[in-house]
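# Structural description and commentary
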Amino acid sequence: MDDLRHDPDYTLFRPILEKDRRFLWMVSVLVGLIGWSIYMYMRQWKYGLSVTGLNNNVTWGFYIINFVFFIGVSHAGTLISAILRLSQAEWRRPITRMAEVITAIVLMIGGIHPIIDLGRPDRLMNVFYYGRLQSPLLWDVTAITTYFTASTVYLYVPMIPDIALLRDRTTKFRWLYKFLSWGYRGTERQKHILERAMSILMVLVIPVAVSVHTVISYIFSMTLQSGWHSTIFGPYFVTGAIYSGTATLLVVMIAFRKMYHLENYLKEIHFRYMSILLLVFSLLWTYFTFSEFLTGVYGNEPMEMMVIRFKLTGAYAPYFWSMVTLNFLIPLIVLTNKKLKTIKGILITSIGVIIGMWLERLIIIVPSLTNTRLPLVVQTYIPSLTEWSLFIGGISIFCLMFLIFSKVFPLISIWEIKDGRAEGLEEAKGRLESYLPDQTLAEGRVQ
Amino acid sequence: MTKHEKVTPQIVLFLQIMSISLIWVLVVSVIWWVLNLISLSNYLHDAQNATLAISILIMPLFILLAGILTYVFVGLRRNRFEDDEHA
């Protein structure tokens, strides 16, 4: 333990080893909020969906919006982490772990939402007994289960060397670290096994992640509902998912950088690179949104136009234009301006993108349901206190689980940082040399 | 192991064997569920081809994931005392 204090990466062990009053304070607030949301859900269990703002037209409200939103955020992790690892981007080292944790936690929360949305949750098992795979809803169940399993494995396997480090160098939770480290001692064979497993996982997890959000988009696009029946919904949803995930990752990075004093690990350059990614996805998202609306407007199909008008100039116009401002205008202004592109600027932009992407899910789901093809009276949807409480409960569970994780496991991959110092520099140099033209050959041609 | 440690290596080993077993229980359950869905679609003559296509995708994925985990767990445990030089 004492020699740990002299470790150059002691900062990364500190959250696990040292007691923190702020942690206890935050945990109690979050537990209180979760307790309140559990109470509200129990009330819903007792009285049914009548305690929500859902009605005959709008049968999917906050719960499904949050489901799509949370599953979208989960793309932060595994996808970004896998792509950065695969492309051997050296700056990934302090980022990947946080990204992977976000995925695992958020998927769990997102996956619960369709169950919350059930009026009769006691009938849940019918999905397993009498499910029919022709339904996109069941595709969702299978895709999310697969993605959750894959991303948990993808979080855990690269964590094993760090768990072994904690087992050998700390006294806290030793039994847990012993159990989870599988006797890892860093022998060449063990390293080889982990590398091999990680290589397979990082390739496997990308198509799984893409398929999950594509399948979620199918819940909407496979119906003939106005505003939903679109061929670009798959890539549109995936782009939005990665966009909201990147923003969430940036917020988490900034928050924990401040909380655990990780300034030496999460440097400005990491935020600069991540913000470029955020800007790229902002532009991609805008492109998809523009295409989606342009084709709708040009087609001028009466029902489609009713939904579009409802969004652009009708009751949902304030949400729509806020979404455009938060997802396109602010990122474009802040992230292309050197003076504004500070960590504070990136934080504000990222929070804006998270809100904007949540609004996007709201705008996709609710207006199409309020303006049905059936001759029904247009009913507006106003979420109830129960729905708001469960939404806040979901966010609280995310914060609590992330906090607890940070107290048991390092938020930044210690072995990857050490490996980067020991071997990464040489490796990167070698790689760079391999990209450049061979100097002797070039000189020979000149002679 | 220090005097204060209550969890013996045998308990750790037991927990590890249990966790590998549980992973395979999950895989078998998923496969059983998918097979149940196939038989149901067959019985109802309802989108059998689509059911088969989706099932063909799901089952190997779960087997692959469990296989990777088993490979990692067993491999790490087996090679835990191996000297770097002899590896």
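Residues numbered from 1 in each chain as written. Chains lettered and ligands numbered in written order. Predicted model: local features only at pLDDT ≥ 70, side-chain atom pairs only at ≥ 80, totals over all residues.

### Observations regarding the overall build of chain B
Put simply, the test is: Runs of H or I in DSSP of at least four residues are treated as helices and runs of E of at least two as strands, each being numbered from the N terminus. To assign burial, the other C-beta atoms lying within 10 Å of each residue's own C-beta are counted, with C-beta atoms placed from the backbone; 20 or more indicates buried, 12 or fewer indicates exposed, and intermediate counts indicate partly exposed.
Looking only at helices and strands, chain B features 2 helices and 0 strands. Residue burial in chain B is summarised as follows: out of 87 residues, 21% are buried.

### Things to note about the overall build of chain A
Put simply, the test is: Each radius of gyration is computed over the set of C-alpha atoms, and the globule rule expresses the reference value as 2.2 Å times the number of residues to the power 0.38. Our contact criterion uses C-beta atoms placed from the backbone: two residues qualify when those atoms are within 7 Å.
In terms of regular secondary structure, chain A is built from 19 helices and 0 strands. Over its C-alpha trace chain A gives a radius of gyration of 24 Å, about what one expects of a compact globule, namely 22 Å for 447 residues. Each of the three principal axes of chain A carries a C-alpha extent, and together these read 75 × 65 × 45 Å. Looking at the 447 residues of chain A, the share that counts as buried comes to 43%. Pairs at least 24 apart in sequence give 82% of the contacts found in chain A among residues at least 6 apart.

### With respect to the nonpolar core
Inclusion rule: Working definition: the nonpolar core is a set of buried Ala, Val, Leu, Ile, Met, Phe, Trp, Tyr and Cys residues, joined through C-beta atoms within 7 Å.
One finds Met98(A), Ile102(A), Tyr147(A), Val212(A), Leu249(A) and Val72(B) to be the most contacted residues of the largest nonpolar core, which totals 131 residues. The leading source of residues in this core is helix α11 (residues 188-221) of chain A, at 13 residues. Those residues within four positions of Tyr147(A) in sequence are excluded, and the remaining contacts are Leu107(A), Val208(A), Ala209(A) and Val212(A).

### Some remarks on the packing of helix α8 (residues 136-156) of chain A against helix α2 (residues 48-78) of chain B
Basically, it comes down to this: To define axes, lines are fitted to C-alpha atoms, for helices over the stretch in contact only, and angles between the resulting N-to-C directions are given on a 0 to 180 degree scale. What sets the label is the angle itself: under 35 degrees gives roughly parallel, over 145 gives roughly antiparallel, 65 to 115 gives roughly perpendicular, and the rest give oblique. Take the far helix as the reference: if the near one is turned anticlockwise from it by less than a right angle, the crossing is left-handed, and if turned clockwise, right-handed. Gly is put with the polar residues, along with every residue not named as nonpolar or charged; the nonpolar set is Ala, Val, Leu, Ile, Met, Phe, Trp, Tyr, Cys and Pro, and the charged set is Asp, Glu, Lys and Arg.
At a minimum axis distance of 11 Å, the contact between α8(A) and α2(B) shows a crossing angle of 15°. In terms of orientation, α8(A) lies roughly parallel with respect to α2(B). Viewed along their axes, α8(A) and α2(B) form a crossing whose handedness is left-handed. Here Trp139(A), Thr142(A), Thr146(A), Thr149(A), Ala150(A) and Val153(A) of α8(A) come into contact with α2(B), specifically with Ile54(B), Ile58(B), Leu61(B), Phe62(B), Leu65(B), Ile68(B) and Leu69(B). Of the residues belonging to the contact of α8(A) with α2(B), the class tally is 10 nonpolar, 3 polar and no charged.

### Overview of the confidence of the model for chain B
Our working rule: Confidence of the predictor at the level of single residues is captured by pLDDT, which takes values from 0 to 100.
The share of residues in chain B with pLDDT of 70 or more is 87%, and the mean pLDDT across the chain is 84. Listed scores for the predicted complex are pTM 0.91 and ipTM 0.85.

### A closer look at helix α6 (residues 96-116) of chain A
We count it as follows: An expected span of 1.5 Å times one less than the residue number is assigned to each helix.
Here α6(A) is 21 residues long and its end C-alpha atoms lie 31 Å apart, about the 30 Å a rise of 1.5 Å per residue gives. Within α6(A), 16 of the 21 residues are buried, which leaves it mostly tucked inside the rest of the structure.

### Here's the deal with the interface of chain A and chain B
Taken together, the contacts link 30 residues of chain A with 31 residues of chain B. Residue assignment for the side of chain A that touches chain B shows that the elements contributing at least two residues are α7 (126-130), α8, α10 (174-181) and α11 of chain A. For the side of chain A that touches chain B, the leading source of residues is α11(A), giving 8 residues. The class makeup of the residues in the side of chain A that touches chain B is 16 nonpolar, 8 polar and 6 charged.

### Here's the deal with the confidence of the model for chain A
Residues with a pLDDT of 70 or more make up 98% of chain A, whose mean pLDDT is 90. For chain A, the element scoring lowest by mean pLDDT is helix α19 (residues 439-446) of chain A, at 67; helix α15 (residues 317-335) of chain A scores highest, at 96.

### Quick notes on unusual backbone geometry
Despite not being glycine, Trp182(A) shows a phi value in the positive range, around 55°. What makes Trp182(A) buried here is the crowd of 23 C-beta atoms within 10 Å.

### Some remarks on the packing of helix α3 (residues 21-47) of chain A against helix α17 (residues 385-408) of chain A
Residues and elements named next belong to chain A. Taken N-terminus to C-terminus, the directions of α3 and α17 make an angle of 145°; their axes are 8 Å apart at the nearest point. In terms of crossing hand, the pair formed by α3 and α17 is left-handed. Of the residues assigned to the contact of α3 with α17, the class counts are 16 nonpolar, 6 polar and 2 charged.

### Digging into the environment of Thr370(A)
Residue and element names in this part refer to chain A. Its place among the elements puts Thr370 in helix α16 (residues 343-370). Sequence-wise, Thr370 and Asn57 are 313 residues apart; in three dimensions their C-alpha atoms are separated by 5.7 Å. With residues near it in sequence (within four places) discarded, Thr370 still touches Asn57, Val58, Phe310, Val378, Gln379, Thr380 and Tyr381.

### Overview of the environment of Pro437(A)
All names here are of chain A. For Pro437, the position within the fold is in the loop between α18 (414-435) and α19. For Pro437, a count of 6 C-beta atoms within 10 Å puts it in the exposed group. A sequence separation of 156 residues divides Pro437 from Phe281, and the C-alpha atoms of the two residues are 33 Å apart.

### With respect to helix α9 (residues 160-169) of chain A
Burial analysis of α9(A) places 8 of its 10 residues in the buried class, which makes it a mostly covered element. Listing the buried residues of α9(A) in full gives Ile160(A), Pro161(A), Asp162(A), Ile163(A), Ala164(A), Leu165(A), Leu166(A) and Arg167(A).

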